Structures are given as C-alpha cells and as structure tokens.
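Secondary and tertiary structure notes
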Amino acid sequence: MRRVCVVGAGVIGSLYAAHLARVADVSVLVRRPEQAEALRGGLRISGKSDFSASVLAVSEPAELPEFDLGIVATKATDLEAVGERLAGRFAGATMMTIQNGLGAEEILRAHGPWPLISAVTFMSGVRQGDAHVEYELDTETWLGPYAETATPLGAVQGVEELLVAAGLRARAFPDLRPAQWSKLIFNATVNTVAVLTDLPHVSQFAAIGELTDLGHLVRDLMEEGERVAAAAEVELHEDPWEMNVLAVRRGETQAAEGAYAHVPSMLEDVRSGRRTEVDFITGALVREAERVGVPVPLHTAMYRLVRARETA
Amino acid sequence: MTRVCVVGCGAVGSLFAANLASLDDAEVWAYDLWDDHVSAINEDGLRLSGAGEVLGRVHATTDPAELPPCDYGIVATKSMQTSAAVEAVAHAFAGGAVCSVQNGAGNEELIAEHVREVIRGTTFPAGHLAGPGHVVWDTKGDTHIGPFEPSPAPMEKVRELADACTRAGLPTVALEDARGAQWRKLIFNAASNAIAALTGLTHGRVAEPPTRDLAWAVMAEGRAVAEAQGIVLDMSPEELFDYAARKEVAYDHKPSMLQDVEAGRETEIDFLNGAIVAFGERHGVDAPLNRALTALVKGLERS
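Every residue gets a number counted from 1 within its own chain, in the order that chain's sequence is written. Whichever chain is written first is A, and whichever ligand is written first is 1; the rest continue in order. Local features in this predicted model are restricted to residues whose pLDDT is 70 or higher, and side-chain atom pairs enter the listing and the counts only when it is 80 or higher, whereas totals over whole chains, interfaces and linings include all residues. With hydrogens and water set aside, each side-chain value is computed from the structure's full complement of heavy atoms.

Moving on, we get to the pairing of strand S1 (residues 2-7) of chain B. All names here are of chain B. Summarising burial for S1: five of the six residues are buried, a large majority. Whether a crossover is right-handed depends on one test, that the path from the first strand over the helix to the second runs clockwise when the strands point away from the viewer. Starting at the N terminus, helices and strands are each numbered in turn, a helix being any DSSP run of H or I of at least four residues and a strand any DSSP run of E of at least two. For the crossover that starts at S1, traverses helix H1 (residues 11-20) and ends in the parallel strand S2 (residues 26-31), the hand is right-handed. Criterion used throughout: strands pair if DSSP finds at least two bridges between them. As defined by bridge partners, S1 adjoins strand S6 (residues 72-75) across four bridges and the pair is classed as parallel. Each bridged residue has a counterpart across the sheet, and for Val7 the counterpart in S6 is Val75. A 1.4 Å probe rolled over the protein chains alone gives each residue an accessible area, and that area as a share of the maximum for its type sets the label: buried under 20%, exposed over 50%, partly exposed in between.

Right under this line is the structure:
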C-alpha cells in the first residue's frame, strides 16, 4: 500500500494526509477548488507534530491518480455526496471510513464494490485554515474489517502498519464493533450534552454531587447506551463513563497549563451554524435501540432537542 | 381600609399593585430594589397601558423599614429572590397573610419560613416593564388562590383577598385547594420553558415535531408527580399547551426562560422542572426527563 487517497481535508483528513505523506504517495480530494489550491502550497501541521507535507490536492475525482487505500474522512453528513463522486472509480482500492457514529460503511457500500475497513479515531485538532491544522490529541485510530464486505484482516493490519510508520498511533482489531460502540455511546452523550448546554467537555460532565448535576445525566445516557449494546450482543471495549472521567481530568490538566477544554465536534458545528452529525451518532443509537427493542427515552429526548436546536 | 404590600414590583407585581390601588378601600405599598422605578412610582404613580389603562397611587420603597404593618402581601419576585425578599419584609406581615403569585412550585415553602399565614397562588395575567413607573399589560387572565396547607392563612382572608383583586379588575378565585391550578400551570410551564430555553424555539414551535412528543412526555411525568401528591389538576396542561400554541395566542411567544438564557440571566429552573424532580423524589416518583432538562438548563446557565 504505497498510494493513499484522503477524501476530505478537515482536521482528521489533514492529519492523516500530512503524516502519511512521509511514507506514501498521498493524494487529497476536497470539495472546494480554493482548498485544493491552498493545499497545493503545502499542508502544515503544528502542535503535537510540527512539519509541512506536500500532497497532490484536487477537487475533481477525475483528476485523482489510482490508489490502493482510500481514507474517507469527511463529515458523516457529506458521505452520500462522496459516494456519488467515487462511484464507478478506483475498483482496486480498499476504502476506510472514519466517521463518528454508525452507518458510514452502509452508505459507501451502496456506491461501489470496494472492500471496506471500519475505523474510529480519537485524534483531535483545530482547523487553522484551509491548509493548516493544529494537532491536539495524538491518540489512537482503531480499525477493523467491515464484515459485510469480507475484508481480510491482513489488509487491515497493512493499514495499521502504514499508519504507525507514518508516526500515528493505530491498532487493528478482528472485530471493531466493541470499540466502535464504546465511542458511539461516549460521543452520543458528550456531544449532545455539549450542544444543549453550550459547554465544552469540562469537569461538570462528571459532577454527581446533586441529583440534577450534569454528571448524573451523562451517566444515565451512557447506561442507556450500554443496555442497547448488550441487547445487540456487543461487548464494549471500554467503559464510556471511565472514558468521560479520564477525558475531563485530562482537560483539567490542560486547562491548568493554559489550554482550552475540548470542544466536541457537534458543539463546534452548532457554533459555526453547520448541520451536526446527530443523525449518525444519537440517531444511529436510537435506531439500533428500536431494532433490538430497548427503550432509550433519554437519548430520544436528546436527539429531538438537538434536531430542534439545529432548526431554531 | 385594607393595606396590601406587593413584594417585587416587576411586570406581574405592578399589575396587582396598580389595579388594587384603584380601590377606595385599599392602601397599596410596593417593595422593590430598583431605585428609578420606585422614585417614578412615588412621583408620578404606577402606570399600566395595553390591555388596561390604569394609573395607581402606590407607596413604593426600597427600604423594608419604611413598610407599615400590612394585612396582605403579594409576592411577585422571580423565584430565586423569594427568600431574600420575604425575609427582608417579613416584619410587616406579623399579623398579615402573604400570597405568592409567582411561577412554579416551591415559593410558598420559602415564604412560610418567614411568615405564618401563607396563601398559595397562580396567576395568568402577564406584562412587561416599559420603563420606570410604567408596565405594559400584555394579557389578561385568571388568578387562583388558596391556603398553603402546611402554614395556612384562614379561608376568610383568602376570600377577602380574592374579592379585592376581582373588584380591582383581576378576576381571582378563592379555593380550598389551589394546588390543582398551580400544578396545571407548573406542568405546562416546565415543558414549554425548558425545551424553549435549550432549543431557542418559540412556544408554538415547541408544540410541533420534533419536540412535541418530548413536551408531552415531560408533562406526563409532571402529571405522575402531581397524582402521587393527591393533586387533581383543574384543567389539562396538554390542552393549555395546544391552546397557547395557536397563532393568535402565543405561537411566537418566547417563554421567559428562553428570554433569561438569551440575556445571560439565571433562570427559574429550580422552581419549574427542578420542583417536579424534588416533589417527585419526596413522593417516590422518578421524573428522568425533567431531571435531564434541569441538568441541561443548569449547564447552560454556567456556560
């Protein structure tokens, strides 16, 4: 796997593209010609790493060279459009989805016969411009074969090795669902609470002193999610509440060092007037809950409130 | 001559003060902390415009020590200020009865910490402050009052106050049990206010998808908590919700909690959804959606 195409150059896409450019031929497909233009001048990463990478950036799929691995790193809300743009092309490629929530693989699969790799990432950063990302959290990418396309585990391990060689942290799993669901439950909770309170992920998310403290709601939401996972026969890789407590503690340490608490992506979307990924995160959890017959009144309430908040 | 003191002379307090001052047999005082408003009332009277034109002669003061002994108190502060305000003026009601006309539940309990004879009240008339000494009366409506059970005012006093308000142009019903009216309004308000505050929607839009089912589920929890206390609602909060959502009624109205959030003010969440949670806890009824809304609005207050 020496040829990689990253689709979408937001924070996560840019982090992959720049790091992979150290060990592979990297092309980048973006929607806006201005961004392609900016990227052709070099992609800059600052923060956890500090370097510039040169990538081949285009805004038309027809201009892309062939590639072995496609990393689809757009927002979940743009997946349908990406699928249409890639349809009928790059028959030899394996595609990896990295979106929040559930359901990205199904959308892509409807547009082509590519073997798919499921992935989740905990990396984060802040966009500083069309061709500059500040790298905040250099955490792992977890990946696994998407069962419906019978992707061989060996292909997944190949991607793991490539990411590690590029200086990123990665881990291949024979079954990604336990990790995917841990992150789904964590994200469905933290993102919606952040959107509705306009709070970044701060210590109040773990406060459980009084019955109406935010931590109780966070924990109740996570427990609802865990009941759905159990009914779907997924054993969680990590305890979402512990992930929450750890993240909050890490945020506090950083705040003490003068950095800001992490702003969950859906809150960032709402603050910039963009549509959120709530349909793929909380919406996916609510749909799964319905499928397995577990009532999720709190996630249903959060879903409705966020949808309403988007339209107001 | 009956002497009444309105405690907290904002929009609702002013409706009571100015109207009661129009009676020949009432002397009206007003206690409020806003200097300019108090001076304007003392110099030019308390003016209402809009749904009714009234100019009331009211003795206003920012100094509790100036208040004479009163027969009745009408508390109309924001719920967060109830304790401090009533504590400051309690001496004027050593022989009087004090009635809350505030939002939500839990105010009478706070009043009863300082005053012996307490009246439970729920009012619908609404208005807004136009400037010092001037309130615009937006909507007319009924008021229901009754003895506060743990520390009650005698029923004859409840009737006398209701009669005075009614004669003054604020139709008021005296009830042996005013909890049904209070909880009907509480259940309605808790759903409308918290959802609007979190989403930015007006009342009419809260009553539509995707929040309509949520509002109904939030009201169902409130009903269960009321029922556990043996409270019989006098009307359906759901019907009230739909009525208020009509274009010609209050479709475009921003509930007060949304206005508070937009202005960066503290909200009355503890006396609305928070009260449903607290009363539910006392009576063994869980109200998880109201608990969630309370936690979210408190988070929003701190952001």
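From this point on, the discussion continues.
With that out of the way, let us pick up the pattern of salt bridges. All names here are of chain A. Every case where a carboxyl oxygen of Asp or Glu lies within 4 Å of a side-chain nitrogen of Lys or Arg is listed as a salt bridge. Evaluation of the coordinates by the stated rule reveals 32 salt bridges over all chains. Among the salt bridges present, the one from Asp138 reaches Arg169, with a minimum N-O distance of 3.9 Å. Taken together, the positions of Asp138 in the loop between strand S10 (132-137) and strand S11 (141-145) and Arg169 in the loop between helix H5 (153-165) and strand S12 (170-172) put the pair 31 residues apart, joining distant regions of the chain. Its relative accessible area of 47% is what places Arg169 among the partly exposed residues. Glu310 is paired through a salt bridge with Arg307; the nearest N and O atoms lie 3.9 Å apart. With Glu310 and Arg307 both in helix H11 (residues 297-311), this residue pair falls three residues apart, about one helical turn. Judged by its relative accessible area of 31%, Arg307 falls in the partly exposed class.

We call a set of buried residues a nonpolar core when its members are Ala, Val, Leu, Ile, Met, Phe, Trp, Tyr or Cys and they connect through side-chain atoms within 4.5 Å of each other. Within the largest apolar cluster, 86 residues are counted, with the highest numbers of intra-cluster contacts made by Trp181, Val193, Phe205 and Leu217 of chain A together with Trp183 and Leu296 of chain B. Sort the elements by how many residues they give to this core and helix H6 (residues 179-199) of chain B lands first, with 11 residues. Judged by nonpolar contacts, the second largest core, of 42 residues, contains Val6, Met96, Leu162 and Leu168 of chain A.

Residue and element names in this part refer to chain B. Pairing in this open sheet of eight strands is mixed, and the strands run S5-S2-S1-S6-S7-S8-S11-S12 from one edge to the other. Two strands in the sheet have a free side with no partner beyond their single neighbour: strand S5 (59-61) and strand S12 (172-174). Strand-to-strand twist in this sheet, taken as the mean axis angle between neighbours without regard to direction, amounts to 20°. Bridge analysis of strand S7 (residues 97-100) against strand S8 (residues 117-123) gives three bridges, and the strand direction is parallel. Counted as the bridge partner of Cys99 is Ile119 from S8. Any two residues whose heavy atoms approach within 4.5 Å are treated as being in contact. Here the axes come from fitting lines to C-alpha atoms, over the contacting stretch only for helices, and the angles between their N-to-C directions go from 0 to 180 degrees. Packed onto the sheet, helix H3 (residues 82-89) meets S1, S2 and S6 and runs at close to 125° relative to S2. In the packing of helix H5 (residues 155-167) onto the sheet, the strands contacted are S1, S6, S7, S8, strand S11 (143-147) and S12, and the crossing angle to S12 comes to about 165°.

Residues and elements named next belong to chain A. Relative to each other, helix H7 (residues 214-231) and H11 sit at 110°, their axes nearing to 8 Å. Put simply, H7 runs roughly perpendicular to H11. Here Leu217, Asp220, Leu221, Glu224 and Gly225 of H7 lie close against H11, whose contacting residues are Pro297, Leu298, His299 and Met302. Amino acid classes used here: Ala, Val, Leu, Ile, Met, Phe, Trp, Tyr, Cys and Pro are nonpolar; Asp, Glu, Lys and Arg are charged; the rest, including Gly, are polar. Here the contact of H7 with H11 is built from residues that sort into five nonpolar, two polar and two charged. The scheme is simple: roughly parallel for angles under 35 degrees, roughly antiparallel for over 145, roughly perpendicular for 65 to 115, oblique for anything else.

So, on to the packing of helix H8 (residues 212-228) of chain B against helix H12 (residues 288-302) of chain B. Residues and elements named next belong to chain B. Direction vectors running N to C along H8 and H12 enclose 110°, while the axes themselves pass 8 Å from each other. When the interaxial angle is binned, H8 and H12 end up roughly perpendicular. Where H8 abuts H12, its residues Leu214, Ala217, Val218, Glu221 and Gly222 lie against Pro288, Leu289, Asn290 and Leu293.

Across the contact, 25 residues belong to chain B and 23 residues belong to chain A. Summing the contributions of chain B and of chain A, the shared interface buries around 2,000 Å²; its carbon and sulfur component is 70%. By buried area we mean how much accessible surface two parts lose on assembly, using a 1.4 Å probe and totalling the loss over both. By the criterion of area lost to chain A, the three top residues of chain B are Pro210, Arg291 and Leu296 of chain B, representing 25% of everything that side buries. Here chain B and chain A share two salt bridges between them.

Each residue gets a pLDDT score, which is the predictor's confidence in that residue and runs from 0 to 100. Mean pLDDT over chain B stands at 97; residues scoring 70 or higher make up 100%. Interface scoring of the predicted complex returns ipTM 0.89; its pTM is 0.89.

This part takes up the sheet that holds strand S7 (residues 94-97) of chain A. Residue and element names in this part refer to chain A. Within the open sheet, the eight strands sit side by side as S5-S2-S1-S6-S7-S8-S11-S12. Their pairing is mixed. This sheet does not close on itself; its edge strands, each paired only once, are strand S5 (56-58) and S12. Each neighbouring strand pair of the sheet contributes to a mean axis angle of 20°, computed without reference to strand direction. Pairing between strand S6 (residues 69-72) and S7: four bridges, direction parallel.

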